[in-house]
There are 2 protein chains.
Amino acid sequence: MSTPQTGTEAIAAVATSAASVSDVAAGCLEKVRELDPSIGAFRVIDADAVRSRAKELDDGVAGPLQGLVVGVKDVIDTADLPTAYGSPLFSDHRPSADADVVAALRRAGALVLGKTESTEFALFHPTRTRNPVDDSRTPGGSSSGSAAAVAAGMVPVALGTQTAGSVVRPAAYCGVYGFKPARGWASTAGIWLLSEHLDTVGLFARCAADLMVLYGVLRTRLAGTPGGDRQPPFPRVPPAVAVLATDEWAACDQEAHDALRFVAGRLSGQGWDVREMQMPPSWRHLPGHHGTVMSVEVAKNLRGRLGDRVAQISESARAVIEQGELCSATKYLAALEAREEARRLLAPLAVAADLVLAPSALGAAPEGLAFTGDPVMCRPWTLLGLPAANVPAYRRGDGMPVGVQLVGIGGDDVSFLADLALVEAVLTEKED
Amino acid sequence: MSTPQTGTEAIAAVATSAASVSDVAAGCLEKVRELDPSIGAFRVIDADAVRSRAKELDDGVAGPLQGLVVGVKDVIDTADLPTAYGSPLFSDHRPSADADVVAALRRAGALVLGKTESTEFALFHPTRTRNPVDDSRTPGGSSSGSAAAVAAGMVPVALGTQTAGSVVRPAAYCGVYGFKPARGWASTAGIWLLSEHLDTVGLFARCAADLMVLYGVLRTRLAGTPGGDRQPPFPRVPPAVAVLATDEWAACDQEAHDALRFVAGRLSGQGWDVREMQMPPSWRHLPGHHGTVMSVEVAKNLRGRLGDRVAQISESARAVIEQGELCSATKYLAALEAREEARRLLAPLAVAADLVLAPSALGAAPEGLAFTGDPVMCRPWTLLGLPAANVPAYRRGDGMPVGVQLVGIGGDDVSFLADLALVEAVLTEKED
């Protein structure tokens, strides 16, 4: 049989007995053996355990994700594999239990292939992982290994986390879908804590259908704080798209603008309502407020968890802690209040538009591995807690992907995923 | 007819047509005319409006609080009376709507007699109000007027607010019951905002029955954040009482200890289980953590509401703002985390005891009006969000009341009020 290309195909193949879980797992392990020595997406894989777990799945009662093989970011606890949080301080650490999200995956019949490389504590100190499209470039971070593993085809889907831009940005750099659902959609129990107000589980895939399957099954099985104080909107088909230029756009390179124009043109060419919208002036300060909330909570949590060992972590991580510890409590509370203020503008904006279209990053993946790129294009949407995804729709002349970002302004993940699938359909149709 | 002495008596008198609301209101107005010139408990009363509203109540459909006349602290919005928040900056301010708690009172048929004096913004700068027991002394604060009005018999009950010790302390100084229910029991919408984590509506009365009636009716009509992540405990009758000495006890004077010993002796004399309990060591820091949370949130809220007019407020209020603005965000978050940590110890403690018995204040009301007293004895319980009340059980030789404080360690207001009524019964029986 031909190897399934996506998670949905693999689930279908297993369901119709065209393939076994063992076949699918063997295909993934083969890809890893072939590609990962030069990419370094996986930190640890126990191939024997994978094979034996695949056999158990083949012999057991099928769950809804039977046939799906998943990479799990190293900041997410697994009871059967070491979890180092991207830090040498935890190189021998093995959690006593799975994170809630991993337990939900397993209960649904998915197979965890291994742990993917994360930057140190999901902050800025890079991994060894290389960008699969150009191995002289960073894959982005902090979910470096998950993005690279999916982009290289080693797994169809992977779990990441986003506190600033750690899902959308590496997805953009590697040319895959990276979906950060609405804040609070899934329990973060068992995941390295950076920021109570920001940390969100995210998903990588090569097609929107895989995101929908994985999201749907996890959502029904995970008791997160419901992201939805908001009502699912009455669906507007096709969705209305707002190009909402923020100040950070000035820092984007020409290619980021080209990618955006390309997608906007494709959508409006299909008769979609794509229009420029004015940014609410107070939103100008959202990236700064995001940085305030993140640095303070990172400082508290890293200091609390590491104590004196803070002296042993990277300089860039210590810089975040120092910045957070210098911040006054009133400035921190003002940032949280500004977030609430900004969120109050979402309901009126959602009347006019369903999706915001914006760059995912300042441009393509930077050269070298030392710098995982700037998360600034993601900060406002992460702070607002809105669903956001990279759409891998555009490549520049040398083949490097340049992502565009869609943001679900109504806040509802399910409507957003439906819109994302429509966007994918339009972009794919034209490219055929 | 003889004037009803308590709110419950007044409600009963009106219900049995032994008195009209107009009679009860006239009695209160007469008391105010007689006593308030020397006490200064009320900031504003519109006697004509009171009489006309009383007549409306007599002519209308009776609510459950029909016949109850209430004083309302000046930091609580009333649409029909000026609300100055204790500050000359707002001397002409008239809110456009009643606070939720006032609206609930009115819907239940209670009659608002007038606004009682509050310290400036419910902080430390004093009112003109004098202690009804000794007019050379402070009534305490910040709910100075509510405590004094109830103590002097001008109204049977009054509303106050507590952020540190602003209900329990003035109740202790004036010799009445002051009940701060569990955090979040009632909406604080329409009340001057000092601290999101601490502000709590409190009740003053001269007997436990009045607290129960007022609390019960308001609770069922007010959509507060339920104080109860806790289950109402299986009732233990009589309740077990823990004398839990905290470090602050060292600052209490001899009389505060005498009052405590008196009450402990009365209860154990009736066969109650009264025993000393060890304070969890981490609780030692709760007063400091309370001060951190309060000063930061006061700084944010006063700065936000007053802007440049902060220059025009009292030095003591500016000192709180300055303290708050100097606090780091990580120290603030550490204080909130310590609170959560301390709250986790409540469930095991509640197995051993229902009530904590402690001083309400460092001693009797201080001389003079400049200093409203130290709230330190209330800080830990307010931070923990537990129900707490002053019990007016003891007077020293010169007649000055010295309060003791009961704290409901299980966190459930209704069980706490039942226990409070039992305590009152024991103390009253012995005194007869």
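Since this is a predicted model, take the numbers as computed values, not measurements.

1. A word on the sheet that holds strand 10 (residues 388-391) of chain B
All names here are of chain B.
Stage number 1. In space, the eleven strands of this open sheet follow the order 1-3-2-4-6-5-10-11-9-7-8, with mixed pairing throughout. Two strands in the sheet have a free side with no partner beyond their single neighbour: strand 1 (42-44) and strand 8 (274-277). Between one strand axis and the next, the sheet turns through 30° on average, direction left out of account.
Stage number 2. In this structure, strand 7 (residues 241-244) lies alongside strand 8, joined through four bridges in parallel fashion. Considered in strand 8, the bridge of A242 is made with R275.

2. A few points about the packing of helix 9 (residues 286-306) of chain A against helix 11 (residues 329-344) of chain B
Stage number 1. Packing of helix 9 of chain A against helix 11 of chain B leaves a shortest axis separation of 9 Å and a crossing angle of 60°. Comparing the axis directions of helix 9 of chain A and helix 11 of chain B gives the class oblique. Classified by chirality, the crossing of helix 11 of chain B by helix 9 of chain A is right-handed. Seen from helix 9 of chain A, the contacting residues are A:V296, A:A299 and A:K300; seen from helix 11 of chain B, they are B:A329, B:T330, B:L333 and B:A334.
Stage number 2. Of the residues that constitute the contact of helix 9 of chain A with helix 11 of chain B, the class distribution is five nonpolar, one polar and one charged.

3. Some points on the domain arrangement of chain A
All names here are of chain A.
Stage number 1. Taken as a whole, chain A is organised into domain 1 (1-278 + 345-432) and domain 2 (286-335).
Stage number 2. Centre-to-centre separation of domain 1 and domain 2, based on C-alpha positions: 26 Å.
Stage number 3. Domain 1 puts 21 residues into the contact, and the matching count from domain 2 is 18 residues.
Stage number 4. Considering only residue class, the side of domain 1 that touches domain 2 consists of eleven nonpolar, six polar and four charged.

4. Overview of the environment of A:R395
Residue and element names in this part refer to chain A.
Stage number 1. Counting through the fold element by element, R395 comes out in the loop between strand 10 (388-391) and strand 11 (404-408).
Stage number 2. Sequence separation of R395 and S314 is 81 residues, and the distance between their C-alpha atoms is 33 Å.
Stage number 3. R395 has contacts with M400, P401 and V402, leaving out every residue within four places of it along the chain.

5. So, the interface of chain A and chain B
Stage number 1. With 13 residues of chain A at the interface, the matching set in chain B holds 13 residues.
Stage number 2. Contributing elements (two or more residues each) for the side of chain A that touches chain B: helix 9, helix 10 (315-326) and helix 11 (329-344) of chain A.
Stage number 3. A breakdown of the residues in the side of chain A that touches chain B according to their chemical character gives seven nonpolar, three polar and three charged.

What counts as what
- Residues numbered from 1 in each chain as written.
- Chains lettered and ligands numbered in written order.
- Predicted model: local features only at pLDDT ≥ 70, side-chain atom pairs only at ≥ 80, totals over all residues.
- Pairing = 2+ DSSP bridges.
- Helix = DSSP H or I, 4+ residues; strand = E, 2+ residues; numbered from the N terminus.
- Axes fitted to C-alpha atoms, helices over the stretch in contact; angles between N-to-C directions.
- Parallel < 35°, antiparallel > 145°, perpendicular 65-115°, else oblique.
- Left-handed = near helix turned anticlockwise from the far one by under 90°.
- Contact = placed C-beta atoms within 7 Å.
- Nonpolar A, V, L, I, M, F, W, Y, C, P; charged D, E, K, R; others polar.
- Domains from an automatic or database assignment.

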